[in-house]
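Notes for the structure review
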Amino acid sequence: MKKYIAEFFGTFWLVLGGCGSAVLAANFGGEGNPLGLGFLGVSLGFGLTVLTMAYAVGHISGGHFNPAVSFGLFAGKRFSGSDLLPYIIAQVLGAILAGAVLFIIASGNGALDLSGSNPLATNGYGSHSPGGYNLFAALITEIIMTFMFLVIIMGATDRLAVGGFGPSAIGLALTLIHLISIPITNTSVNPARSTGVALFCGNMEIIAQLWLFWFAPIVGAVLGGWFYYQFLETGIESRPLQPIESEPRD
């Protein structure tokens, strides 16, 4: 049970911290105000949530915080299929709670605007892409970004990788992914993250586009996990995604 609580808590922090930085702080004080986090700040917000939670609870659950990562680690022979569904349920529930908390906080000053293209830091394509990118561009972006994310995760947590630095590499990878893909899809690479905020955005078009942010990240993650296992695996026992060596706890 501890590992499912860790996944719930970690995904809650990822969505609250990452999406919260976008909704509450990205444009704080208006365009050009130096107090606003801006593009780089939001990217760091997402990366830091994964980094901090991987160190905090990664030794308990493996630190997935993302259904696509769970699928990818399963494809890469790093994760048991029997835990796949419970992990995904815990992750999605954590993301939904974070979406609800973010909605409540963002409504606190009466200025929350849900009429934009990406309310509550939602993901989308076409008219809901920050840069107006179409479905095909969004599909390719999410597949490739998640593919690379899994290759980095698998490599950074391999037995022969430098010990203790896995979460740092993974957090920085997620930061870079956001720097690349925020203009295209507002960056998902995480079906739970997309779902948690979409349910509270009040826009059925965005909810109708959620299928892409389940399909593409999972496809990319499975391909990434499989690729690493087939072509880059060291051939010796590898540790799960965590900063210290211990098996995930029940």
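The rules we used
Residues numbered from 1 in each chain as written. Predicted model: local features only at pLDDT ≥ 70, side-chain atom pairs only at ≥ 80, totals over all residues. Heavy atoms only, no water. Axes fitted to C-alpha atoms, helices over the stretch in contact; angles between N-to-C directions. Helix = DSSP H or I, 4+ residues; strand = E, 2+ residues; numbered from the N terminus. Parallel < 35°, antiparallel > 145°, perpendicular 65-115°, else oblique. Contact = heavy atoms within 4.5 Å. Nonpolar A, V, L, I, M, F, W, Y, C, P; charged D, E, K, R; others polar. Core = buried A, V, L, I, M, F, W, Y, C linked by side-chain atoms within 4.5 Å. Buried < 20%, exposed > 50% of the residue type's maximum accessible area, 1.4 Å probe, protein only. 1 Å grid on protein atoms, 1.4 Å probe; cavity = no way out; pocket = protein on both sides within 12 Å on 5 of 7 lines; lining within 4 Å. Points joined across faces, edges and corners; volume = space filled by probe spheres on them. UniProt positions renumbered as here; feature names shortened; annotations may be inferred. Phe/Tyr/Trp six-rings, centres within 6.5 Å; stacked < 30°, edge-to-face > 60°. Lys NZ or Arg CZ within 6 Å of the ring centre and 35° of its normal. Patch = residues over 30% accessible without salt bridge, like charges linked within 9 Å, V, L, I, M, F, W, Y side chains within 5 Å. Areas by Shrake-Rupley, 256 points an atom, 1.4 Å probe, with all protein chains shown as cover. Salt bridge = Lys/Arg side-chain N within 4 Å of Asp/Glu carboxyl O.

**Some details on the packing of helix α5 (residues 135–156) against helix α6 (residues 166–185)**
- The interhelical angle for the contact between α5 and α6, taken along N-to-C directions, is 175 degrees, at an axis separation of 10 Å. Judged by the angle between their axes, α5 and α6 are roughly antiparallel. Contacts between α5 and α6 pair Ala137, Ala138, Thr141, Glu142, Met145, Phe149, Ile152, Ile153 and Ala156 from the former with Gly166, Ala169, Ile170, Ala173, Leu174, Ile177, Ile180, Ser181, Ile184 and Thr185 from the latter.
- Looking at the contact of α5 with α6 residue by residue, the class counts come to 14 nonpolar, four polar and one charged.

**As for the nonpolar core**
- Of all hydrophobic cores here, the largest spans 45 residues; its most connected members are Val15, Cys19, Leu73, Phe149 and Ile153.
- Of all the secondary-structure elements, those providing two or more residues to this core are α1 (2–25), α2 (38–61), α3 (67–75), α4 (84–106), α5, α6, α7 (191–198) and α9 (210–232).
- Apart from the residues lying within four places of it in its own chain, the contact partners of Leu73 are His64, Arg78, Phe79, Leu150, Ile153 and Met154.
- Counting six residues, the second largest nonpolar core, distinct from the first, contains Tyr125, Ala138, Phe213 and Ala216.

**Some words on the layout of surface pockets**
- Considering only enclosed or pocket space, the largest pocket measures out at about 850 Å³ in volume.
- Forming the boundary of the largest pocket are 29 residues, of which Ala22, Val23, Ala26, Asn27 and Asn118 lie nearest the centre.
- Mapped onto the lining of the largest pocket, the elements with two or more residues apiece are α1, α2, α4 and α6.
- Of the residues belonging to the lining of the largest pocket, the class tally is 18 nonpolar, nine polar and two charged.

**Structural notes on unusual backbone geometry**
- One non-glycine residue with positive phi stands out, namely Phe65, at about 55 degrees.
- Along the chain, Phe65 turns up in the loop between α2 and α3.

**Here we look at the UniProt feature "site: Involved in tetramerization or stability of the tetramer" (unreviewed entry) in the protein**
- In the numbering adopted here, UniProt assigns the feature "site: Involved in tetramerization or stability of the tetramer" (unreviewed entry) to Cys19.
- You can see Cys19 is positioned in helix α1.
- For Cys19, a relative accessible area of 0% gives the class buried.

**Notes on the packing of aromatic side chains**
- By the definition in use, this model includes seven aromatic pairs.
- Here the aromatic rings of Phe147 and Phe227 are separated by 5.6 Å at their centres, their planes lie at 55 degrees, and the arrangement is tilted. Note that Phe147 is positioned in helix α5 and Phe227 in helix α9, a separation of 80 residues in sequence.
- Classification of Phe147 as partly exposed rests on a relative accessible area of 21%.
- Taken together, the aromatic side chains of Phe147, Trp226, Phe227 and Phe231 make up a single cluster linked through ring pairs.
- For Lys77, the ring lying beneath its charged end belongs to Tyr229, and the centroid distance is 6.0 Å.

**What about the environment of Ala169?**
- Mapped onto the elements, Ala169 comes out in helix α6.
- A relative accessible area of 31% places Ala169 in the partly exposed class.
- Ala169 sits 118 residues away from Leu51 along the chain, and the two C-alpha atoms are 8.3 Å apart.
- With sequence-adjacent residues up to four places away left out, Ala169 is seen in contact with Ile152 and Ala156.

**Quick notes on a nonpolar patch on the surface**
- A surface patch of nonpolar side chains, amounting to about 610 Å² of accessible area, comprises Phe39, Leu40, Leu44, Leu48, Leu176, Leu179 and Ile180.
- Secondary-structure elements contributing two or more residues to the nonpolar patch are α2 and α6.
- The element that contributes the greatest number of residues to the nonpolar patch is α2, accounting for four residues.
- Take Leu48: it is sitting in helix α2.

**Focus: the pattern of salt bridges**
- In this structure the tally under the stated criterion is three salt bridges.
- Asp83 is the partner of Lys3 in a salt bridge, and the nearest nitrogen-oxygen pair spans 2.8 Å. Linking Lys3 in helix α1 with Asp83 in the loop between α3 and α4, this pair joins segments that are 80 residues apart in sequence.
- Overall, the relative accessible area of 8% leaves Lys3 in the buried class.
- Residue classification places Asp83 among the buried positions, given a relative accessible area of 12%.

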